[in-house]
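# Fold and geometry: a report
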Amino acid sequence: MGVEVRVEGLTKSFGKQTIWRDVSLTLPAGEISVMLGPSGTGKSVFLKALIGLLKPDEGHVLIEGTDIATCSERDLYEIRKLFGVLFQDGAMFGSMTLFDNVAFPLREHTRKSETEIREIVMEKMTMVGLVGAEGKLPAEISGGMRKRAGLARALVLEPEIVLFDEPDSGLDPVRTAFINQLIVDLNAQIEATFLIVTHDINTARTVPDNIGLLFHRHLAMFGPREMLLSSEEPAVRQFLNAQTVGPIGMSEEKDADELALEDHSTLPPLPPIPLQLLPTDRRPRPTQAPPGAWCAANGVVPPPGSFRDDPVTPHSMRVQNPVSSGGAA
Ligand SMILES: Nc1ncnc2c1ncn2[C@@H]1O[C@H](COP(=O)(O)OP(=O)(O)OP(=O)(O)O)[C@@H](O)[C@H]1O
């Protein structure tokens, strides 16, 4: 059922450059969380700190009683077995077939026989829809297929936590929709804890249970999807609604003069909160709360038209084509 990841007061600098400070959040067991943030705000650095590839200057990353930030190399080696990581480009070995790439962690970290390895590799290739391509080299397949192969490899050691570094980077909207559906299906199947770093607003609005935003060297907000999608906090609102008006500038945050010049009366209203993407079999997600539950429990009125089921428009299209305003669910 996945494991909880608790991050407390995490701070990371490179020389004089502070990447982020005092980041605290909990990735709930078995849930999907998304981390957003303008380019260069340290999302990849955050993922690396979670698996102990980078040591933070301060703070803790607690997983099943082990603090990754301070534990011994031996404990780190053990705790890393809980993780599967999908790197941006799939991080395939170019000279190995997809089969050998996916089998690699099993050959490195287990004493399984080649017959057992074949069975596991083919099971994961089936999960990501790559049966038939196992003999191909990474250069012979598309970027989307490489990502799916990377995902198969991330799954072979039965991870409790899966980290995705921009699973949609370089993919067209259709391939992005497919990989998002695959992520939701896998989460329902293996019930591990997922953290996805992405720039794709549609992914952020429909895939996760929780959303975080790194901005201005700190964690601006982290919480249930509905909390962020109904937030009036300027940076959150600007980012999730892909607007130019707000504190996030072209290179980093805008200064006070730039902000004073902006006409905030032109800010468009918050778009409706879409329904969460469901697994392909349409069963509820393992940790799914009823649509609107967080808003109702917290006295927040969601934007008009939220949580409407529109059978004609696919889930992944609803953000761009919000249904006309009306009462909230
Ligand atoms: N090993 C390192 N040594 C020094 N600086 C680093 C190192 N790794 C990352 N950085 C710096 O940390 C900052 C954050 O980088 P990171 O790649 O985490 O950003 P990001 O939010 O993932 O960006 P993007 O969305 O563009 O992928 C950058 O300024 C980068 O140059």
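Before reading further, recall that the structure is shown in the block above.
The following refers to the structure shown. Predicted, not measured: the structure shown is a model, and the values here were computed from it.

## Structural notes on the layout of surface pockets
In this structure, the largest pocket occupies an estimated 590 Å³ of space. Along its surface, the largest pocket is lined by 22 residues, and Arg-80, Phe-83, Val-85, Pro-105 and His-109 are the ones closest to its centre. Those elements that place two or more of their residues in the lining of the largest pocket are α2 (73–80), β6 (83–86), α3 (98–109) and α5 (143–155). Partitioning the lining of the largest pocket into residue classes produces 15 nonpolar, 3 polar and 4 charged. Of the voids in this model, the second largest pocket is the one considered here, and its volume is about 350 Å³.

## Quick word on helix α6 (residues 173–190)
Because an α-helix completes one turn every 3.6 residues, residues spaced three or four positions apart along the sequence face the same direction. Under the 1.5 Å per step criterion, the end-to-end length of α6 is 25 Å for 18 residues, consistent within 8% with the ideal 26 Å. Regarding α6, the residues found buried are Thr-176, Ile-179, Asn-180, Leu-182, Ile-183, Val-184, Leu-186 and Asn-187. Where α6 is buried, its residues contact β3 (32–36), α4 (114–127), α5, β7 (161–165), β8 (193–197) and α7 (201–206). Between the side-chain oxygen of the N-cap and the backbone nitrogen of Val-174 there are 2.9 Å, and the N-cap of α6 in question is Asp-172.

## Remarks on the site of the ligand
Surveying the vicinity of the ligand reveals 13 residues, the closest of which are Gly-40, Gly-42, Lys-43, Val-45 and His-199. At 3.5 Å, a side-chain N or O of Ser-39 approaches an oxygen atom of the ligand. One of the backbone N or O atoms of Val-45 is found 2.9 Å from an oxygen atom in the ligand. Taking 640 Å² as the accessible area of the ligand by itself, protein coverage stands at 60%. Put simply, the parts of the chain that give the shell around the ligand at least two residues each are β2 (17–27) and α1 (43–50). With 3 residues, the single largest contributor to the shell around the ligand is α1.

Parameters and conventions
Residues numbered from 1 in each chain as written. Predicted model: local features only at pLDDT ≥ 70, side-chain atom pairs only at ≥ 80, totals over all residues. Heavy atoms only, no water. 1 Å grid on protein atoms, 1.4 Å probe; cavity = no way out; pocket = protein on both sides within 12 Å on 5 of 7 lines; lining within 4 Å. Points joined across faces, edges and corners; volume = space filled by probe spheres on them. Helix = DSSP H or I, 4+ residues; strand = E, 2+ residues; numbered from the N terminus. Nonpolar A, V, L, I, M, F, W, Y, C, P; charged D, E, K, R; others polar. Expected span 1.5 Å × (residues − 1). Buried < 20%, exposed > 50% of the residue type's maximum accessible area, 1.4 Å probe, protein only. Contact = heavy atoms within 4.5 Å. Polar contact = N/O pair within 3.5 Å; in protein donor to acceptor, adjacent residues only side chain to side chain. Near = heavy atom within 4 Å. Areas by Shrake-Rupley, 256 points an atom, 1.4 Å probe, with all protein chains shown as cover.

Everything listed is a geometric property; what it means functionally is a separate question.
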